[in-house]
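Coordinates in review
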Amino acid sequence: MEYEIVRLLKKSNKSESCLVREKGSGRLFVRKVHTGRHPVYQTLQKYSHPCLPRLHEVELSDDSTIVVEEYIEGKAADSWELSGKQYLRIARELCNVLEFLHGKGIIHRDVKPSNILLTEEGKMYLIDFDAARMPREGLEQDTRLLGTRGFAPPEQYGFAQTDERADIYALGVTLDQLLPEKMKKPHYRRVLRKCMNLDPERRYQSVGKVRRAFFSTGKKALGGLSLICLLVLAGGLGVWLYHGGGTGHGEGTEDAALTVLPAPENPHWVDGTANLMWGNVPESGTGDEVRFQLRFYRRDTETPPEPEDSDWYREETFRAGGRYKDAEVMDSYVVKTWDGNGYYYFTVSALGEGIYADSPYAVSDVFEYTGEGAPPLPSPEGLAWKLTEKNNSRYYCASWSNLEDYAEQDVFNVTFYDETDTYVMNNRWPKKLIEERGLGGVPIPAEFLSSHPGSAYRFVVEVYSSRPNEYGANMLSEPVPEECFSPWYYCGPIESDTP
C-alpha cells in the first residue's frame, strides 16, 4: 500500500500512530509502528468482528511490528453524555467483543473508555491492542507489564500471568465510570463490584457470565429453589417473570425484577438457502425497533449446539424498525464467508435492553454447506445513479443493469463514498426488496447527502449469495479497483475556477 502521512495521532517511546491516506483511492487508514514483535496482530488479522477495526496489513520483523488498520471516525466513550439506552448498548457490545477475543485466546489488557470509540451512527469499536497478549503455559507472570493504572488489575503488575479475568476487571472499572447517574441501581453496581474484585478467583470467571448477570433478572433462591411464575398475556404470548423473595448467597436484594422475554419461535434456514427466519418478539429492543442477537456455529457432524454453547464463530446483532418492527417473523441472511464445508446452525435471542431481561437462545435446524469452491455470482454491470419520485418523496438510488441475473433472495451490499472517497454509509437490500419497493435500485437516505459546493457521491456493490452451495458471494478486493465504482453523482454546485 502506498500512502501519504496526513497527521501524527500518537507517539510514545514504544510506538507511533499516524493517520495516512492511500495514494490513488484517497481512503484513510491508521498506520502504527510498534517496537518489538507483536504476533497478536497476525491472529487478529485472521478474524473479523463488527466492533473491531479491520486490519489491512500486518508486518512483523525481529524488532518491530507495522500495522495498517481501518480508520474509525469517532469519539472516545467518556466524551459522550450517554443515555441509558446508549450505555446498555455499549455494555452489551463490549461484553460481546471481549467474549469473541477471549474465544480466540486474545487478552486485550487495556480496556478503558478512551479505547472505546463511538461513531455518530451509534457504532462502537474497541481499539488499541498495543498491550494485548495471548496467555502461554508455564509462565507465572506477564513478561511485559503494560496497561493503564486504575483499569489494570493487580495481577497485571507482575503478581501473576493475566488471563480473561484481567479484562473482566477493566470491564467493570470502565462500565462503572461510564454508568449514567440515573442507572446507578443496586443490581448494576453489584455486578460491577464483583467484576472489580482484587482477587481474580472472586470475579466472574468469563465475560459471558458478566453479560448474563448484567442483563438478567438476578433470580433469587428461596430455600434452594427458584420461584418462577408463567404469565399468559393477550394473544397467547408467554413470558417468564422471576419473583424475588429473600436473598440468596449474600447477593443482596433487587430493586425490581425484570420480565424475561420469550425465546424466538421456530428459528430455521429457509428452503435450503442461506436465509434465516424466526418468530418476532415485539417487546424486544427499544420503542423504535426490535433487536435480536444471532450466533453462528459450524460442526463437522450433524450435532446441534446447546443454546448457551460458546464455540460460535460469528455473532451479530439484528435490528428492525419502521414497518418491519411488528412483522410476525424476522428474516436475515448470511453475508460473510462461510467457515468451510460442514453443518451450520444459528441461535437467536431476543434482547431486552434493560427494559426486559434477554430471552433464552433458541436453536435452529441444520444447513449443510457444500459450496466451498463454488463459482461466484456475476458482477453487477452498468452501475448508474437513478432518481425516483414516489409518494411525494425523492429517492437517490444505486442501480445496475443486470438485476435479472440474480435470485430474489440474493443480497446486494451497496457502499457509498463522498468526493474525498471517504466512506459515507452502506445499505443491504435483497433483490426481492428492490422489486417490492419499486425504486429501481438501493437508495441512500437523504440525510447522508450534502449539497455543499463540490459535493459528490459514488458507490460500489457486493453480492451475497442466497444459494451458497451453487454460487459464492461476489466480493470486492481491497483496495477496490477503480473500474468497480459507479459514475459520480454531483449533489451540490460544481466548483469552478472561472469567475
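Our structure's up above, just so we're on the same page.
In what follows, the accompanying structure is described. (Residues numbered from 1 in each chain as written. Predicted model: local features only at pLDDT ≥ 70, side-chain atom pairs only at ≥ 80, totals over all residues. Heavy atoms only, no water.)

**Quick notes on the overall build of the chain**
Our working definition: A run of DSSP states H or I qualifies as a helix once it reaches four residues; a run of E qualifies as a strand once it reaches two. Both are numbered from the N-terminal end. Note on classification: 1.4 Å probe, protein chains only; a residue is buried when its accessible area is under 20% of the maximum for its type, exposed when over 50%, partly exposed between these limits. By definition, residues are in contact when any of their heavy atoms lie within 4.5 Å. Note that accessible areas follow from Shrake-Rupley with a 1.4 Å probe, and for residues the cover is restricted to the protein chains shown.
The helix and strand tally for the chain stands at six helices and 26 strands. When burial is assessed residue by residue, the chain has 49% of its 499 residues classed as buried. Within the chain, residue pairs in contact and separated by at least 24 positions form 63% of the contacts whose partners lie at least 6 positions apart. Accessible surface, the chain: about 24,600 Å² in total, of which carbon and sulfur atoms supply 48%.

**Section: the side chain of Ser349**
Heads up, the condition is: Side-chain atoms alone can form a polar contact between residues adjacent in sequence; in general such a contact is a pair of N or O atoms within 3.5 Å, and within protein one must be able to donate a hydrogen while the other accepts it.
By the secondary structure assignment, Ser349 is in strand S17 (residues 342-350). Owing to a relative accessible area of 2%, Ser349 belongs among the buried residues under this scheme. At a separation of 2.8 Å, a polar atom in the side chain of Ser349 contacts the main-chain carbonyl oxygen of Ser359. Leave out the neighbours within four places in its chain, and Ser349 touches Pro264, Arg291, Phe292, Gln293, Asp358, Ser359, Pro360 and Tyr361.

**Some details on the packing of helix H2 (residues 84-103) against helix H3 (residues 164-178)**
Note the following rule: Note on method: axes are straight lines fitted to C-alpha atoms, helices fitted across the in-contact stretch only, with angles between N-to-C directions ranging 0 to 180 degrees. Working definition: roughly parallel below 35 degrees, roughly antiparallel above 145 degrees, roughly perpendicular at 65 to 115 degrees, and oblique for all remaining angles. Polar here means any residue outside two lists: the nonpolar Ala, Val, Leu, Ile, Met, Phe, Trp, Tyr, Cys and Pro, and the charged Asp, Glu, Lys and Arg; Gly therefore counts as polar.
Interhelical geometry of H2 versus H3 gives an angle of 170° and a closest axis separation of 11 Å. When the axis of H2 is compared with that of H3, the two are roughly antiparallel. Residue-level contacts link Tyr87, Ala91, Leu94, Cys95, Leu98 and His102 of H2 to Glu164, Asp167, Leu171, Thr174, Leu175 and Leu178 of H3. Across the contact of H2 with H3, the residue classes break down as eight nonpolar, two polar and two charged.

**Some points on the sheet that holds strand S13 (residues 275-279)**
For clarity, the cut-off: Strand pairing requires that DSSP identify at least two bridges connecting the strands.
Spatially, the three strands line up as an open sheet ordered S12-S13-S16, and their pairing is antiparallel. Of all the strands in the sheet, just strand S12 (268-269) and strand S16 (329-333) have a single pairing partner and so form its edges.

**Re the nonpolar core**
This is how the line gets drawn: Residues grouped as a nonpolar core are buried Ala, Val, Leu, Ile, Met, Phe, Trp, Tyr and Cys residues, joined through side-chain atoms within 4.5 Å.
Core analysis: the largest hydrophobic core is formed by 47 residues, its most contacted members being Tyr87, Leu94, Leu101 and Phe214. With ten residues, the single largest contributor to this core is H2. In this view, Leu94 contacts Val111, Ile116, Met124, Leu126, Leu171, Thr174 and Leu175; residues no more than four positions away in its chain are not counted. Core analysis: the next-biggest nonpolar cluster, separate from the first, contains 26 residues, Leu383, Ala398, Phe412 and Tyr489 among them.

**Here's the deal with the packing of helix H4 (residues 186-195) against helix H5 (residues 207-215)**
Note the cut-off: Crossing chirality is assigned from the near helix's rotation relative to the far helix, an anticlockwise turn below a right angle marking it left-handed and a clockwise turn marking it right-handed.
At a minimum axis distance of 9 Å, the contact between H4 and H5 shows a crossing angle of 165°. The pairing of H4 with H5 is recorded here as roughly antiparallel in orientation. As for the relative orientation of H4 and H5, their crossing is right-handed in sense. Facing His187, Tyr188, Val191, Leu192 and Cys195 of H4, the residues of H5 in contact are Val210, Ala213 and Phe214. The class makeup of the residues in the contact of H4 with H5 is seven nonpolar, one polar and no charged.

**Things to note about the side chain of Asp167**
Test applied: A residue counts as positive if it is Lys or Arg and as negative if it is Asp or Glu; His and the chain ends are not included. For salt bridges, the criterion is a side-chain nitrogen of Lys or Arg within 4 Å of an Asp or Glu carboxyl oxygen.
On the secondary structure map, Asp167 appears in helix H3. Although Asp167 is buried, it forms no salt bridge, and the closest oppositely charged side chain is Arg109 at an N-O distance of 7.2 Å. A polar atom in the side chain of Asp167 sits 2.8 Å from the backbone nitrogen of Arg109.

**Points about the pairing of strand S20 (residues 384-390)**
In terms of strand pairing, S20 meets strand S21 (residues 393-399) through seven bridges, oriented antiparallel. Residue pairing across strands places Glu389 opposite Arg394, the latter belonging to S21.

**Observations regarding H2**
Stated precisely, the cut-off is as follows: The span you would expect from a helix comes to 1.5 Å times its residue count less one.
The first and last C-alpha atoms of H2 sit 29 Å apart over 20 residues, in line with the 28 Å expected at 1.5 Å per residue. For H2, a buried count of 16 out of 20 residues is recorded, marking the element as mostly surrounded by other parts of the structure.

**Quick word on the pattern of salt bridges**
Counted according to the given criterion, the structure contains 25 salt bridges. Notably, a salt bridge pairs Asp128 with Lys10, separated by 3.2 Å at the nearest N-O pair. Residue Asp128 is found in the loop between strand S8 (124-126) and H3, and its partner Lys10 is found in strand S1 (residues 3-11); the two are separated by 118 residues along the sequence. Judged by its relative accessible area of 10%, Asp128 falls in the buried class. With relative accessibility at 44%, the residue Lys10 sits in the partly exposed group.

These results come straight from atomic positions and should not be treated as a statement about function.
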